[in-house]
Amino acid sequence: MNDHAVLHVKGRILVGPEEVRNELWVVDGRISYDRPVAARDVRTVSGWALPGLVDAHCHVGLGPHGPVGLDVAEQQALTDREAGTLLIRDAGSPSDTRWVDDREDLPKIIRAGRHIARTRRYIRNFAWEIEPEDLVAYVAQEARRGDGWVKLVGDWIDREVGDLAPSWPREAARAAIAEAHRLGARVTAHCFAENSLQDLVEAGIDCVEHATGLTEDLIPLFASRGVAIVPTLVNIATFPKLADGGESKFPRWSAHMRRLHERRYDTVRGAFDAGIPVFVGTDAGGTLPHGLVAAEVAELVTAGIPALDALAATTWRARAWLGRPGLTEGAPADLVVYGQDPRADVRVLADPAHIVLNGRVVR
């Protein structure tokens, strides 16, 4: 589509969970609900249109052993785009991906800077590895480098105890989160286990990734503080394999990981039922492939979240949470068109008919 072309999307435009329109127009890369005067060179696509999907836990520029080359990072972003993911919250990457911002054919990225972990308590080459006395300084650094988010590693295996353990003392976390907030950034944390959660929430954290350790006694605390979770169920599915691999050396940790996996769906449904905001994230990058957003939405439905709410967790509500527009008048035209109604069956998300990014049909 050339710079002067107009795109006409007709069918069912899912502006919000309850708001449906019959058509929209894309003029100069932006959405309009008014037919342009004397429109020429019009291309029309039909179907059910959603805002570009959101992967709220993704890692562009990260591979199993740390940073990857530009060619690999580009392919990661393209794979996400082809799955309909047009907005990514990059939840920690050692790679500088600012070059993506200059590419109108790649998803938009909201960065959390690089992970901040305790020394020798995370995957090698992924994170800044520091001690608690340096946490405030590193959080400030990443708050300035990121796009309004900072990512902590809240817990990881402690080899001395042979199990998951909190990474940060309570007061260190409180001071660091306060510094991020002072600088206008929100803070999220990787947390698998139970025993890191209360301190982080009471310290003022905004979001928890994975949250497999969320228990019935902690759910009211999360709900009252409005702390969101991004369950990454497609990643949690790997826990049994991880447990098998660590059985001989860390049997206590392995048993713990299996328990967390076994109750994963109950954990997510319990959080949702209590009013905790739940968002879609795949944890792509590292060891997981990109392009899994549809599979994660389906996992939320399997966990018992109603289909429309699971859909909202990767569209309308996710974009509002991240401060990015959906299918609103004048917004950048980032949308995905499907041949069937995704509200009736979220598995439809796995087969986009058309993908429109910055007003251009890229698929």
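Preceding this section is the structure that the text describes.
Residues numbered from 1 in each chain as written. Predicted model: local features only at pLDDT ≥ 70, side-chain atom pairs only at ≥ 80, totals over all residues. Heavy atoms only, no water.

J.: So what exactly am I meant to see when it comes to the side chain of Thr212 here?
T.: If you trace the backbone, Thr212 turns up in the loop between strand 16 (207–210) and helix 5 (219–225). Only 2.6 Å separates the side chain of Thr212 from the backbone oxygen of Phe192, close enough to count as a polar contact. (Helix = DSSP H or I, 4+ residues; strand = E, 2+ residues; numbered from the N terminus. Polar contact = N/O pair within 3.5 Å; in protein donor to acceptor, adjacent residues only side chain to side chain.)

J.: Quick question: what am I supposed to make of the pairing of strand 16 here?
T.: The two faces of a sheet get side chains in turn, since along a regular strand they alternate between them. Inspection of the sheet shows strand 15 (residues 186–191) paired to strand 16 by 4 bridges, in the parallel sense. The residue bridging Ala189 from the neighbouring strand is Val208, located in strand 16. As paired strands, strand 16 and strand 17 (residues 228–230) are joined by 3 bridges and run parallel to one another. From the neighbouring strand, Cys207 faces strand 17, where its bridge partner is Ala228. (Pairing = 2+ DSSP bridges.)

J.: Whenever I open this one, the layout of surface pockets confuses me. Can you help?
T.: If a probe the size of a water molecule is rolled over the atoms, the empty space left behind becomes visible. Considering only enclosed or pocket space, the largest pocket measures out at about 710 Å³ in volume. As for the largest pocket, its lining consists of 27 residues, and the residues nearest its centre are Ile123, Trp156, Phe192, Leu242 and Thr287. Looking at the lining of the largest pocket, the elements with two or more residues in it are strand 13 (155–158) and helix 8 (251–262). Grouping the constituent residues of the lining of the largest pocket by class yields 13 nonpolar, 10 polar and 4 charged. (1 Å grid on protein atoms, 1.4 Å probe; cavity = no way out; pocket = protein on both sides within 12 Å on 5 of 7 lines; lining within 4 Å. Points joined across faces, edges and corners; volume = space filled by probe spheres on them. Nonpolar A, V, L, I, M, F, W, Y, C, P; charged D, E, K, R; others polar.)

J.: What is the right way to read empty space enclosed by the protein from this model?
T.: One pass over the structure, following the stated rule, counts 2 cavities of 30 Å³ or more. Estimates place the volume of the largest cavity at around 60 Å³. Together, Gly154, Pro166, Ser167, Trp168, Pro169, Arg170, Ala173, Asn195, Ser196, Asp199 and Leu200 line the largest cavity. For the lining of the largest cavity, the secondary structure elements donating two or more residues are helix 3 (170–182) and helix 4 (197–202). Considered class by class, the residues forming the lining of the largest cavity number 5 nonpolar, 4 polar and 2 charged.

J.: It is not clear to me how the pairing of strand 8 (residues 85–90) should be interpreted in this structure. Could you clarify?
T.: Counting buried positions along strand 8 gives 6 out of 6 residues, so the element sits mostly inside the fold. Across 4 bridges, strand 5 (residues 53–58) lies against strand 8 in parallel orientation. By the bridge assignment, Cys58 is partnered in strand 8 with Asp90. (Buried < 20%, exposed > 50% of the residue type's maximum accessible area, 1.4 Å probe, protein only.)

J.: I tried to follow the nonpolar core on my own but got confused; where do I start?
T.: Generally speaking, a soluble globular protein has its nonpolar side chains buried in company with each other. Of all hydrophobic cores here, the largest spans 60 residues; its most connected members are Leu135, Val150, Leu152, Ile205, Leu214, Phe222 and Leu300. No other element matches the 5 residues that helix 3 contributes to this core. Non-local contacts of Val150, meaning those with residues more than four positions away in its chain, are made with Ala112, Ile116, Val139, Glu142, Ala143, Ala180, Ala185, Arg186, Val187 and Thr188. The next biggest cluster of nonpolar side chains, apart from the first, holds 18 residues, and it includes Ala117, Ala127, Leu164 and Trp253. (Core = buried A, V, L, I, M, F, W, Y, C linked by side-chain atoms within 4.5 Å. Contact = heavy atoms within 4.5 Å.)

J.: Please clarify how a positive patch on the surface should be interpreted in this entry.
T.: Side chains of Arg120, Arg124, Arg159 and Lys249 sit close together on the surface and give a patch of like positive charge. Relative to the assigned elements, Lys249 resides in the loop between helix 7 (239–246) and helix 8. Relative accessible area serves as the criterion here: at 63%, Lys249 is assigned to the exposed category. (Patch = residues over 30% accessible without salt bridge, like charges linked within 9 Å, V, L, I, M, F, W, Y side chains within 5 Å. Areas by Shrake-Rupley, 256 points an atom, 1.4 Å probe, with all protein chains shown as cover. Salt bridge = Lys/Arg side-chain N within 4 Å of Asp/Glu carboxyl O. Lys, Arg positive; Asp, Glu negative; His and termini not counted. Charge placed at Lys NZ, Arg CZ, Asp CG, Glu CD.)

J.: Help me out: how do you make sense of the pattern of salt bridges in this one?
T.: Side chains bearing opposite charge may pair, as long as their charged atoms lie close to each other. Applying the stated criterion to the full structure yields 25 salt bridges. A salt bridge links Asp147 to Arg98, with the nearest nitrogen and oxygen atoms 2.9 Å apart. In this pair, Asp147 sits in the loop between helix 2 (135–145) and strand 12 (149–153) while Arg98 sits in the loop between strand 8 and strand 9 (108–111), placing the two residues 49 residues apart along the sequence. A relative accessible area of 32% places Arg98 in the partly exposed class. The salt bridge partner of Asp105 is Arg103, with a shortest N-O separation of 2.8 Å. The exposure class assigned to Arg103 is partly exposed, which follows from its relative accessible area of 26%. A single network of salt bridges, built from pairs that share partners, joins Arg98, Asp101, Arg111 and Asp147.

J.: Help me understand the sheet that holds strand 9, please; the structure alone is not making it clear to me.
T.: Backbone-to-backbone hydrogen bonds pair the strands of a sheet. The strands run either parallel or antiparallel. A sheet is described by the order of its strands in space; here 3 strands give the open sequence 5-8-9, paired in parallel fashion. Single-partner strands in this sheet number two, and they are strand 5 and strand 9. Direction aside, neighbouring strands of the sheet carry axes that sit 20 degrees apart on average. (Axes fitted to C-alpha atoms, helices over the stretch in contact; angles between N-to-C directions.)

J.: Got a minute to help me understand the sheet that holds strand 20 (residues 360–361) in this structure?
T.: The mixed open sheet is built from 7 strands, whose spatial order is 3-2-1-4-18-19-20. This sheet does not close on itself; its edge strands, each paired only once, are strand 3 (30–32) and strand 20. Here 8 bridges tie strand 1 (residues 6–14) to strand 4 (residues 42–51), and the two strands are oriented parallel to one another. Bridge pairing in strand 4 links Leu7 to Arg43.

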